[in-house]
Amino acid sequence: MTDRPGTPPAADPDDADPDAMAPARRRRRWLRWAALGVAALVLAAGGTGWWLYHQLDGNIRTDTDTARELARYESERPVAAVAGARNILLIGSDTRGGGNGEYGEDNGTQRSDTAILLHLAADRHGATAVSLPRDLMTEIPRCRRPDGTQLEAQFAPFNRAYEAAGTACTIRTVETLTGIRVDHHVIVDFTGFKKLVDAVDGVEVCLRSPIHDRKAHLRLPAGTQTLRGEQALGFVRARYSMGDGSDTDRMGRQQEFLGSLVKKMQSDGVLLNPVRLYPVLDAATSSLTTDAGLDTLRKLYDLVREVRGIPAGGVQFMTVPRRPYAYNSDRDELVEPDARRLFDALRNDRTVSVVKQIRTQDGGPRGGGKSPGPSSGPGTPRTPSPRASQPGAGPTYEGTTAEQDVCK
């Protein structure tokens, strides 16, 4: 074929200047390697993400023994009254072994140092966390111990159920006490709590007076303090050196601390920062033992997704209505009919109104008032509001909400 007139002859590749072609070849080669590098990074990131996911997922321990034991007593357990509502029992394990012995003298035993019944409303517009005192006198049903022996039914402190017969007996005791079906349970140990507080870089509290508690390994000056793991654990466990020395007062302090911890975990500085989020998730998951319904990251995420729309003011912390036990002032007993009204409201997914009570974290009310006595302590019942008599409403109680800031 001949070239058309006026058209320059086609260049012969063999006649091309090698020096002129070299930059183009280098650019194409660089682009190929760059593409391969990006692909490798994507695959590495995906592989790392997959590994991290399984690492976190594997941290969570599944409590299958409790499910098997509860199945034995299914006919005796209450049924769910409202579809969609969920009740989760949170247990703070006071096991003295595994490095926790410094916080108590009875090594080898297990105790439910903290027990909270968390009710999630069916519409997910509210959540109520009710603390159950470890010294509350209650009916403990007949239970089978882990070694196969029987714990006879008895009227004893609430903590006796967990100490003597474990989680299944504790759940059945809660259900006997409240008439509320426990859908899930979560056990958190001491070590995990410390790691979680450290992972969020501490939690801020406000102290009206200095604290020196040798048993809790705690020495703090007055004023605003940021507590890290060891200090935080001592703070929520301290009893006799703070407030009025009651277990109820300690539970009020625990509720306030948990509210501050939740706010810290919800902050953008944690949720939107992968470098900080992973240690938080690692600490949280490694401290958990749950039933099969919550034993994976996916299941926990689904639960969090359900409740993430609840405003801070919709999360309420309170203590079951109680007073000193008539026959032993070191124990507690329920205040009736207030406790029954509370349990009925939660069981039927009715609103429980909480009167906000700002208290400093060292156990006393803000403003220099008297420390609340047995009949007016945090979470104990006040006169029900007129709203309590309206359909769909429940009685009004003292407590705190997650939006409250005790340091202001």
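To start, this report covers the structure provided alongside it. If you're wondering where the values come from, they're calculated on a predicted model, not measured in any experiment.

Conventions and cut-offs
Sequence positions are assigned chain by chain, starting from 1 and proceeding in written order. Thresholds applied to this predicted model are a pLDDT of at least 70 for local features of residues and 80 or more for the giving and counting of side-chain atom pairs; totals over whole chains, interfaces and linings are not thresholded and use all residues. In computing side-chain values, all of the structure's heavy atoms are included and hydrogens and water are not. Salt bridges are defined by distance alone: a side-chain nitrogen of Lys or Arg within 4 Å of a carboxyl oxygen of Asp or Glu. In this text, helices come from DSSP runs of H or I with a minimum length of four residues, and strands from runs of E with a minimum of two, each type numbered from the N-terminal end. Remark: exposure states derive from per-residue accessible area (1.4 Å probe, protein chains only) relative to the maximum for the residue type, with buried under 20%, exposed over 50%, and partly exposed in between. Note on definitions: angles span 0 to 180 degrees between N-to-C directions of axes, and those axes are lines fitted to C-alpha atoms, for helices only across the stretch in contact. Throughout this description, any angle smaller than 35 degrees is read as roughly parallel, any larger than 145 degrees as roughly antiparallel, any in the 65 to 115 degree range as roughly perpendicular, and the remainder as oblique. Working rule for handedness: look at the near helix, and if it is turned counterclockwise from the far one by less than a right angle, call the crossing left-handed; if clockwise, right-handed. Any pair of residues with heavy atoms lying within 4.5 Å of one another is described as a contacting pair. Side-chain classes are defined by residue name, with Ala, Val, Leu, Ile, Met, Phe, Trp, Tyr, Cys and Pro counting as nonpolar, Asp, Glu, Lys and Arg as charged, and the others, Gly among them, as polar. A helix is expected to span 1.5 Å for every residue after the first. Cysteine sulfur atoms that come within 2.5 Å of each other are treated as a disulfide pair. A pair of strands is considered paired only if DSSP assigns at least 2 bridges between the two. Here the arc refers to the set of directions running from the helix axis out to each C-beta atom. Between the rings of Phe, Tyr and Trp (Trp by its six-membered ring), a pair exists once the centres lie within 6.5 Å; its type follows the angle of the planes, with under 30 degrees stacked, over 60 edge-to-face, and the other angles tilted. Two limits define a charge over a ring: the Lys NZ or Arg CZ must be within 6 Å of the ring centre, and within 35 degrees of the ring normal.

Considering the pattern of salt bridges
For the structure shown, the criterion picks out 17 salt bridges. Notably, a salt bridge pairs R331 with D135, separated by 3.4 Å at the nearest N-O pair. With R331 in strand 17 (residues 328-334) and D135 in the loop between strand 4 (127-131) and strand 5 (137-140), the pair connects residues that are 196 residues apart, well separated along the chain. A relative accessible area of 29% places R331 in the partly exposed class. You can call D135 buried: its relative accessible area is 10%. Taking the shortest distance from any N to any O, the salt bridge between E333 and R323 comes out at 3.1 Å. Of the two residues, E333 is situated in strand 17 and R323 in strand 16 (residues 322-325); the sequence distance between them amounts to ten residues. Members of the salt-bridge network, linked through shared partners, are E74, R77, E175 and R181.

Concerning the packing of helix 4 (residues 190-199) against helix 5 (residues 229-237)
Helix 5 packs onto helix 4 with a crossing angle of 120 degrees between their chain directions and a minimal axis gap of 8 Å. Regarding the angle of helix 4 to helix 5, the classification is oblique. Both helix 4 and helix 5 take part in a crossing whose hand is right-handed. Within the contact between the two elements, helix 4 uses F190, F193, K194, V197 and D198 and helix 5 uses G229, E230, A232, L233, V236 and R237. Here the contact of helix 4 with helix 5 is composed, by residue class, of six nonpolar, one polar and four charged.

Side note on helix 8 (residues 274-286)
The first and last C-alpha atoms of helix 8 sit 18 Å apart over 13 residues, in line with the 18 Å expected at 1.5 Å per residue. Listing the buried residues of helix 8 in full gives V280, A283, A284 and T285.

Concerning the environment of A161
Topologically, A161 is positioned in helix 3 (residues 159-178). Among the residues examined, A161 registers a relative accessible area of 0% and is labelled buried. For the pair A161 and I171, spaced ten residues apart in sequence, the C-alpha separation works out to 8.8 Å. Ignoring sequence-local partners within four residues, the contact set of A161 consists of I140, G166, C169, T170 and T173.

Quick look at the state of the cysteines
Scanning all chains against the criterion turns up one disulfide. Residue C143 pairs covalently with C169 via a disulfide, S to S 2.2 Å. Linking C143 and C169, the disulfide has an S-S dihedral of approximately 75 degrees and is accordingly described as right-handed. Of this pair, C143 sits in strand 6 (residues 143-144) while C169 sits in helix 3, and the two are 26 residues apart along the sequence. Taking the relative accessible area as the measure of exposure, C169 reaches 2% and is therefore buried.

As for the pairing of strand 2 (residues 86-93)
In terms of burial, strand 2 is a largely internal element, seven of the eight residues being buried. Pairing between strand 2 and strand 9 (residues 184-189): six bridges, direction parallel. Across the sheet, the residue bridging to I91 is I187, located in strand 9.

Comments concerning helix 10 (residues 338-347)
Considered for burial, the residues of helix 10 that qualify are D338, A339, L342, F343, A345 and L346. With its buried residues spanning 160 degrees around the axis, helix 10 presents them on a single face.

Observations concerning the packing of aromatic side chains
Enumeration over the complete set of coordinates arrives at four aromatic pairs. Each ring, one from F235 and one from F257, has its centre 6.1 Å from the other, and the planes form 45 degrees; the classification is tilted. With F235 in helix 5 and F257 in helix 6 (residues 247-266), the pair connects residues that are 22 residues apart, well separated along the chain. Both residues of the pair, F235 and F257, count as buried. Linked through ring pairs, F155, Y325 and Y327 together constitute an aromatic cluster. If you follow R172 out to its NZ or CZ, it ends over the ring of Y73, 3.7 Å from the centre.

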